[in-house]
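One letter stands for each residue in the lines below.
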Amino acid sequence: MLFGLFKKSKPVKVKGLIKYYGIEDFWLNTLTEKQREEVKIRYSKGLNTNPDSIDKIEIRITSMPLYSFLIIMAEGISDIQMKDKIISWAIEEVEKQSNVIEKHYTYMGGWKIYKQIVKENPSYYSKYIELLIKDCEIHDQFNKQYFEENGILPTYPSFKELALAYERSGEIEKAIEISKIALKKKVKENTSFERRIAKLEKKLRNR
(Lines give C-alpha, C1' and ligand atoms only; values in the text may rest on other atoms or scores of the structure.)
Protein backbone atom coordinates (compact mmCIF):
# COMPACT_ATOMS: atom_id res chain seq x y z
CA MET A 1 0.00 0.00 0.00
CA LEU A 2 2.86 2.39 0.80
CA PHE A 3 4.72 1.78 -2.42
CA GLY A 4 2.48 4.20 -4.31
CA LEU A 5 3.66 7.04 -2.09
CA PHE A 6 7.22 6.62 -3.33
CA LYS A 7 6.66 6.37 -7.05
CA LYS A 8 9.43 8.02 -8.97
CA SER A 9 8.41 10.99 -11.08
CA LYS A 10 8.79 10.44 -14.79
CA PRO A 11 11.90 12.06 -16.26
CA VAL A 12 11.19 15.19 -18.27
CA LYS A 13 11.47 14.51 -21.98
CA VAL A 14 12.98 17.43 -23.84
CA LYS A 15 12.57 17.78 -27.58
CA GLY A 16 13.09 20.67 -29.97
CA LEU A 17 16.30 22.60 -30.44
CA ILE A 18 17.51 21.67 -26.96
CA LYS A 19 17.53 17.98 -27.89
CA TYR A 20 18.89 18.73 -31.37
CA TYR A 21 21.91 20.55 -29.89
CA GLY A 22 22.34 17.96 -27.15
CA ILE A 23 22.14 20.49 -24.31
CA GLU A 24 19.32 18.89 -22.31
CA ASP A 25 21.28 18.77 -19.05
CA PHE A 26 22.13 22.48 -19.23
CA TRP A 27 18.52 23.36 -20.07
CA LEU A 28 16.99 21.32 -17.26
CA ASN A 29 19.59 21.47 -14.52
CA THR A 30 21.50 24.74 -14.98
CA LEU A 31 18.83 27.16 -16.09
CA THR A 32 15.96 28.01 -13.77
CA GLU A 33 12.34 27.78 -14.86
CA LYS A 34 12.26 31.59 -15.11
CA GLN A 35 15.34 31.63 -17.34
CA ARG A 36 13.88 28.95 -19.61
CA GLU A 37 10.77 31.08 -20.04
CA GLU A 38 12.89 34.16 -20.75
CA VAL A 39 14.68 32.26 -23.52
CA LYS A 40 11.39 31.14 -25.05
CA ILE A 41 10.02 34.68 -25.04
CA ARG A 42 13.16 36.10 -26.68
CA TYR A 43 13.28 33.31 -29.25
CA SER A 44 9.59 33.61 -30.10
CA LYS A 45 9.59 37.40 -30.42
CA GLY A 46 12.95 37.66 -32.15
CA LEU A 47 12.26 35.03 -34.79
CA ASN A 48 8.47 35.23 -34.83
CA THR A 49 8.17 31.50 -34.33
CA ASN A 50 6.57 28.96 -32.00
CA PRO A 51 8.44 28.89 -28.65
CA ASP A 52 7.59 25.19 -28.32
CA SER A 53 10.17 24.49 -31.02
CA ILE A 54 12.76 25.07 -28.31
CA ASP A 55 11.89 22.07 -26.15
CA LYS A 56 8.54 20.49 -27.04
CA ILE A 57 8.38 19.95 -30.82
CA GLU A 58 10.63 17.41 -32.50
CA ILE A 59 13.31 19.16 -34.59
CA ARG A 60 15.23 17.06 -37.09
CA ILE A 61 17.16 19.79 -38.87
CA THR A 62 17.88 23.52 -38.50
CA SER A 63 20.16 26.00 -40.25
CA MET A 64 20.84 27.74 -36.93
CA PRO A 65 24.15 26.67 -35.38
CA LEU A 66 24.46 26.24 -31.63
CA TYR A 67 26.49 29.44 -31.15
CA SER A 68 23.75 31.54 -32.77
CA PHE A 69 21.13 29.97 -30.53
CA LEU A 70 23.31 30.64 -27.49
CA ILE A 71 23.49 34.36 -28.36
CA ILE A 72 19.68 34.44 -28.54
CA MET A 73 19.58 32.64 -25.19
CA ALA A 74 21.96 35.19 -23.62
CA GLU A 75 19.89 38.07 -24.99
CA GLY A 76 16.76 36.71 -23.34
CA ILE A 77 18.07 35.80 -19.89
CA SER A 78 18.07 38.65 -17.38
CA ASP A 79 20.64 37.24 -14.94
CA ILE A 80 24.00 38.87 -15.74
CA GLN A 81 26.19 36.00 -14.56
CA MET A 82 24.26 33.52 -16.68
CA LYS A 83 24.40 35.88 -19.68
CA ASP A 84 28.17 36.00 -19.29
CA LYS A 85 28.46 32.22 -19.02
CA ILE A 86 26.39 31.66 -22.16
CA ILE A 87 28.23 34.29 -24.22
CA SER A 88 31.55 32.65 -23.31
CA TRP A 89 30.10 29.30 -24.39
CA ALA A 90 28.94 30.78 -27.72
CA ILE A 91 32.40 32.24 -28.39
CA GLU A 92 34.03 28.91 -27.57
CA GLU A 93 31.69 27.14 -30.01
CA VAL A 94 32.12 29.58 -32.90
CA GLU A 95 35.91 29.49 -32.57
CA LYS A 96 35.88 25.75 -33.24
CA GLN A 97 35.27 26.49 -36.92
CA SER A 98 36.97 28.75 -39.46
CA ASN A 99 34.06 30.71 -40.96
CA VAL A 100 34.90 34.34 -40.18
CA ILE A 101 31.42 35.53 -41.15
CA GLU A 102 29.95 33.37 -38.40
CA LYS A 103 32.65 34.57 -36.00
CA HIS A 104 31.91 38.22 -36.76
CA TYR A 105 28.19 37.98 -36.15
CA THR A 106 28.72 35.93 -32.99
CA TYR A 107 31.31 38.37 -31.64
CA MET A 108 29.02 41.27 -32.50
CA GLY A 109 26.06 39.61 -30.82
CA GLY A 110 28.21 39.08 -27.74
CA TRP A 111 29.64 42.59 -27.47
CA LYS A 112 26.21 44.14 -27.93
CA ILE A 113 24.99 42.18 -24.90
CA TYR A 114 28.07 43.15 -22.88
CA LYS A 115 27.46 46.80 -23.80
CA GLN A 116 24.12 46.60 -22.01
CA ILE A 117 25.58 44.60 -19.12
CA VAL A 118 28.30 47.21 -18.50
CA LYS A 119 25.64 49.84 -17.88
CA GLU A 120 24.51 47.79 -14.87
CA ASN A 121 27.82 46.25 -13.88
CA PRO A 122 31.04 47.99 -15.07
CA SER A 123 33.15 45.02 -13.99
CA TYR A 124 32.31 43.39 -17.32
CA TYR A 125 33.96 46.23 -19.27
CA SER A 126 37.07 44.18 -20.06
CA LYS A 127 34.98 41.41 -21.64
CA TYR A 128 33.12 43.99 -23.71
CA ILE A 129 36.43 45.41 -24.97
CA GLU A 130 37.90 41.95 -25.53
CA LEU A 131 35.10 40.96 -27.92
CA LEU A 132 35.27 44.28 -29.76
CA ILE A 133 39.00 43.78 -30.31
CA LYS A 134 38.44 40.20 -31.51
CA ASP A 135 35.85 41.49 -33.96
CA CYS A 136 38.14 44.24 -35.26
CA GLU A 137 40.97 41.74 -35.75
CA ILE A 138 38.99 39.63 -38.25
CA HIS A 139 37.71 42.60 -40.30
CA ASP A 140 39.94 41.98 -43.34
CA GLN A 141 39.19 38.25 -43.46
CA PHE A 142 35.48 38.96 -43.05
CA ASN A 143 35.46 41.48 -45.92
CA LYS A 144 37.26 39.07 -48.23
CA GLN A 145 34.95 36.13 -47.52
CA TYR A 146 31.75 38.19 -47.45
CA PHE A 147 32.50 39.93 -50.75
CA GLU A 148 33.40 36.64 -52.43
CA GLU A 149 30.07 35.17 -51.33
CA ASN A 150 27.77 38.18 -51.73
CA GLY A 151 29.41 40.73 -54.01
CA ILE A 152 28.79 43.58 -51.54
CA LEU A 153 30.07 44.64 -48.13
CA PRO A 154 27.94 45.47 -45.07
CA THR A 155 28.85 48.08 -42.49
CA TYR A 156 31.28 46.92 -39.80
CA PRO A 157 30.41 48.69 -36.52
CA SER A 158 33.07 47.27 -34.21
CA PHE A 159 35.74 49.91 -34.89
CA LYS A 160 33.36 52.80 -34.21
CA GLU A 161 32.02 51.05 -31.11
CA LEU A 162 35.51 50.37 -29.77
CA ALA A 163 36.53 54.00 -30.33
CA LEU A 164 33.39 55.17 -28.51
CA ALA A 165 34.03 52.74 -25.65
CA TYR A 166 37.59 54.03 -25.23
CA GLU A 167 36.37 57.63 -25.40
CA ARG A 168 33.70 57.02 -22.75
CA SER A 169 36.30 55.53 -20.43
CA GLY A 170 38.71 58.43 -20.97
CA GLU A 171 41.21 56.41 -23.02
CA ILE A 172 41.45 59.05 -25.74
CA GLU A 173 44.79 57.89 -27.17
CA LYS A 174 43.38 54.40 -27.74
CA ALA A 175 40.24 55.88 -29.31
CA ILE A 176 42.41 57.85 -31.74
CA GLU A 177 44.54 54.80 -32.52
CA ILE A 178 41.62 52.51 -33.38
CA SER A 179 39.98 55.27 -35.44
CA LYS A 180 43.18 55.71 -37.46
CA ILE A 181 43.33 51.95 -38.05
CA ALA A 182 39.72 52.01 -39.26
CA LEU A 183 40.51 54.92 -41.58
CA LYS A 184 43.52 53.10 -43.03
CA LYS A 185 41.51 49.92 -43.57
CA LYS A 186 38.65 51.93 -45.14
CA VAL A 187 36.18 50.32 -42.76
CA LYS A 188 32.64 50.68 -44.05
CA GLU A 189 30.62 52.46 -41.38
CA ASN A 190 27.99 55.17 -41.03
CA THR A 191 30.48 57.63 -39.59
CA SER A 192 33.43 59.81 -40.61
CA PHE A 193 36.58 58.55 -38.96
CA GLU A 194 38.39 61.71 -40.13
CA ARG A 195 35.99 63.90 -38.12
CA ARG A 196 36.13 61.50 -35.21
CA ILE A 197 39.94 61.66 -35.11
CA ALA A 198 39.90 65.48 -35.31
CA LYS A 199 37.38 65.67 -32.47
CA LEU A 200 39.36 63.25 -30.31
CA GLU A 201 42.67 65.02 -30.93
CA LYS A 202 41.05 68.31 -29.94
CA LYS A 203 39.72 66.71 -26.77
CA LEU A 204 43.18 65.36 -26.02
CA ARG A 205 44.81 68.82 -26.48
CA ASN A 206 42.23 70.45 -24.19
CA ARG A 207 42.80 68.11 -21.28
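Criteria and cut-off values
- Residues numbered from 1 in each chain as written.
- Predicted model: local features only at pLDDT ≥ 70, side-chain atom pairs only at ≥ 80, totals over all residues.
- Heavy atoms only, no water.
- Helix = DSSP H or I, 4+ residues; strand = E, 2+ residues; numbered from the N terminus.
- Buried < 20%, exposed > 50% of the residue type's maximum accessible area, 1.4 Å probe, protein only.
- Core = buried A, V, L, I, M, F, W, Y, C linked by side-chain atoms within 4.5 Å.
- Contact = heavy atoms within 4.5 Å.
- Salt bridge = Lys/Arg side-chain N within 4 Å of Asp/Glu carboxyl O.

**Description of the environment of S98**
Step number 1: Within the fold, S98 resides in the loop between helix 5 (80–94) and helix 6 (100–120).
Step number 2: In this structure S98 comes out as exposed when scored by relative accessible area, which is 64%.
Step number 3: Separated by 57 residues in the primary sequence, S98 and I41 have C-alpha atoms spaced 31 Å apart.

**Considerations on the nonpolar core**
Step number 1: Among the nonpolar cores identified, the biggest contains 61 residues, and F69, M73 and I86 are the most heavily contacted of them.
Step number 2: Apart from the residues within four sequence positions on either side, F69 is in contact with L17, I18, Y21, I23, V39, Y43, I54 and M64.

**Some remarks on the pattern of salt bridges**
Step number 1: In this structure the tally under the stated criterion is 16 salt bridges.
Step number 2: With a shortest N-O distance of 3.1 Å, E93 and K96 are connected by a salt bridge.
Step number 3: What makes E93 buried here is its relative accessible area of 18%.
Step number 4: The partner of K144 in a salt bridge is E148, and the shortest N-O contact between them spans 2.9 Å. Residue K144 and its partner E148 are located together in helix 8 (residues 139–150), separated by four residues, close to a single helical turn.
Step number 5: A relative accessible area of 54% places K144 in the exposed class.
Step number 6: Counted as one network, the salt bridges with shared partners bring together K40, D55 and K56.

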